[in-house]
Amino acid sequence: MTKIISDLELLLNDQNLDPTLKTIAAKVQAEERISFDEGVYLFEHASISYLGVLANLIRERKHGDNTYFNRNFHIEPTNVCLYTCSFCSYSRLLKKREEGWEYTIEDMMNIVRQYDDQPVTEVHIVGGVLPQYDVPFYAELFRTIKAHRPELHIKALTPVEYHYIFKKAKISYAEGMALMKDAGLDSMPGGGAEIFHPEIRDGIAGGKCSGEQWLEIHEEWHKLGGRSNATMLYGHIEKYWHRIHHLDELRKLQDRTGGFQTFIPLKFRNKDNAMSYLSEVNSIEDLKNYAISRIYLDNFDHIKAYWPMIGRQMAQLSLAFGVDDIDGTIDDTTKIYSMAGAEEQNPSLSTYDLVRLITQVNRKPIERDTLYNVLQDFSDHIFEEDNQFKGYLELPVVQS
Ligand code: V47
Ligand code: SF4
């Protein structure tokens, strides 16, 4: 901690530092909020080292070295989708539907049952949008999962699905979210946010819920006492100010409800989608984006790096740029990113791998549940060379 404060003091005393960057550093030191224009300025003018100092200071103020992960698995009901988001490697499948999968409730329960003897705490359910997946279907799915394993946290669906199924059922967002809660929904993941501004959203994700509708559905969920996450798909055709507009909309909603838990920047990957002609942004840009998100979203507790998307080493680096959470063990149950060219083609990390990833960069591995209750502090566990935990035997390791 002492070192970080002195790094900040070095910045503040630097005679050559751009005056606007000095003002922003002073605001961060005083725990004041930065403005929209200052956010854009950071993207345009701040160096990676400057951003690292500020973002890490905030991260350590909030969490010290704690780095959170959970044990989860994914279910993707279908990889066919009637929308045609141009960044998505799923949407192209509608024309050759038979090549994809469309799970029934029983298919999905078979996946749930595979984890019966595993210490997972969360199932993350999200996939494409198709007419057979409607309000009665999802309500029955949630009820069936809860009847089978009541303590398993259901983090499911995004405003993209909710907007579609509630419209089809002719019910309001408030009514729909209350129905989902009643059926067993525990929290909402952050997907479907992309870039809120219509100038970009209409071009890459036309037809599905608007940015305003995405925010409205989260707001209704928060009003019911629910918690949720938020994402941003960056590094394609958007400008820096579109990213800040996106963060600003989230910050405003969070001021009203306090219902968001974590923000997850998602780097656009360009394999096998209608935007494959675009290059992907480089790793420096990724780190800057994490850091600026950490600085701008002063009312969000957590910033998450989604390791299957950026790879394990970048996830480790991100922990020095504002990130305090690296998602979960996941297994290899999610395909949306590997299909889009993500670093991890079969993403799967055992608990041991995750803990080691975090300790290798001198952070403290903390297993959390979905709502960030601390389940276990792994920092005192010592490893032997043969990749086994030493000093604790009772907790099973989720194997890949
Ligand atoms: O909304 C789709 C993104 C999202 C691509 O809440 C792509 O804990 C990059 O939201 N390149 C869904 N991204 C996943 C998601 C998520 C992931 C992990 C954790 C949580 C959480 C939420 O995936 C979509 C879209 O923005 N996506 N295609 C692509 N080519
Ligand atoms: Fe469908 Fe979601 Fe892919 Fe868009 S991003 S095509 S809504 S699965």
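Here, the structure is the one placed above.
These notes cover the structure that comes with them. Everything quoted here is computed from the prediction, not taken from an experiment.

## Examining the environment of Gly235
- For Gly235, the position within the fold is in the loop between β6 (227–234) and α11 (240–257).
- Taking the C-alpha atoms as reference points, Gly235 and Glu285, separated by 50 residues in sequence, lie 8.4 Å from one another.
- If near-sequence neighbours (up to four positions away) are discounted, Gly235 is found in contact with Arg243, Phe268, Ser279 and Val281.

## Here we look at the nonpolar core
- Core analysis: the biggest nonpolar cluster contains 116 residues, and Leu42, Tyr50, Ile125, Phe142, Tyr162 and Leu250 have the highest contact counts within it.
- Here this core gathers at least three residues from each of two domains, domain 1 (2–63) and domain 2 (66–393).
- With residues up to four places along the chain from it excluded, the contact list for Tyr50 reads Leu11, Leu17, Leu21, Ile24, Ala25 and Leu42.

## Some words on the packing of helix α7 (residues 159–168) against helix α8 (residues 173–183)
- Relative to each other, α7 and α8 sit at 105 degrees, their axes nearing to 10 Å. Regarding the angle of α7 to α8, the classification is roughly perpendicular. Of the residues in α8, those touching α7 at Tyr162, His163 and Phe166 are Tyr173, Gly176, Met177 and Met180.
- Considering only residue class, the contact of α7 with α8 consists of five nonpolar, two polar and no charged.

## Description of the environment of Ala274
- Looking at the secondary structure, you find Ala274 in the loop between β7 (260–267) and α12 (283–296).
- The class of Ala274 is exposed, set by a relative accessible area of 56%.
- Separated by 186 residues in sequence, Ala274 and Cys88 have C-alpha atoms that sit 7.6 Å apart.

## What to know about the packing of aromatic side chains
- This model, assessed by the stated rule, comprises 15 aromatic pairs.
- Residues Phe137 and Tyr138 carry aromatic rings whose centres are separated by 5.5 Å and whose planes lie at 90 degrees to one another, so their mutual orientation is edge-to-face.
- One aromatic cluster in this structure is built from Phe196, Trp214, Phe260, Phe263 and Phe300.
- Between Arg251 and the ring centre of Tyr296, over which it is positioned, the NZ or CZ distance is 3.8 Å.
- The ring of Tyr372 has Arg368 lying over it, and the distance from NZ or CZ to the ring centre is 4.3 Å.

## Points about the pattern of salt bridges
- Tallied over the full model, the rule gives 27 salt bridges.
- Two residues, Asp298 and Arg33, come together in a salt bridge whose shortest N-O distance is 2.9 Å. Residue Asp298 is found in the loop between α12 and β8 (302–303), and its partner Arg33 is found in the loop between α2 (19–29) and α3 (36–45); the two are separated by 265 residues along the sequence.
- Look at Asp298 and you get partly exposed, because its relative accessible area is 30%.
- Assessed through its relative accessible area of 33%, Arg33 is described here as partly exposed.
- A salt bridge links Arg243 to Glu285, with the nearest nitrogen and oxygen atoms 3.3 Å apart. Of this pair, Arg243 sits in helix α11 while Glu285 sits in helix α12; the two residues are 42 residues apart in sequence, bridging distant segments of the chain. Residue Arg243 shares its accessibility class with Glu285, and that shared class is buried.
- Connected through shared salt-bridge partners, Asp248, Glu249, Arg251 and Lys252 make up one network.

Scoring rules and cut-offs
- Residues numbered from 1 in each chain as written.
- Chains lettered and ligands numbered in written order.
- Predicted model: local features only at pLDDT ≥ 70, side-chain atom pairs only at ≥ 80, totals over all residues.
- Heavy atoms only, no water.
- Helix = DSSP H or I, 4+ residues; strand = E, 2+ residues; numbered from the N terminus.
- Contact = heavy atoms within 4.5 Å.
- Core = buried A, V, L, I, M, F, W, Y, C linked by side-chain atoms within 4.5 Å.
- Buried < 20%, exposed > 50% of the residue type's maximum accessible area, 1.4 Å probe, protein only.
- Domains from an automatic or database assignment.
- Axes fitted to C-alpha atoms, helices over the stretch in contact; angles between N-to-C directions.
- Parallel < 35°, antiparallel > 145°, perpendicular 65-115°, else oblique.
- Nonpolar A, V, L, I, M, F, W, Y, C, P; charged D, E, K, R; others polar.
- Phe/Tyr/Trp six-rings, centres within 6.5 Å; stacked < 30°, edge-to-face > 60°.
- Lys NZ or Arg CZ within 6 Å of the ring centre and 35° of its normal.
- Salt bridge = Lys/Arg side-chain N within 4 Å of Asp/Glu carboxyl O.

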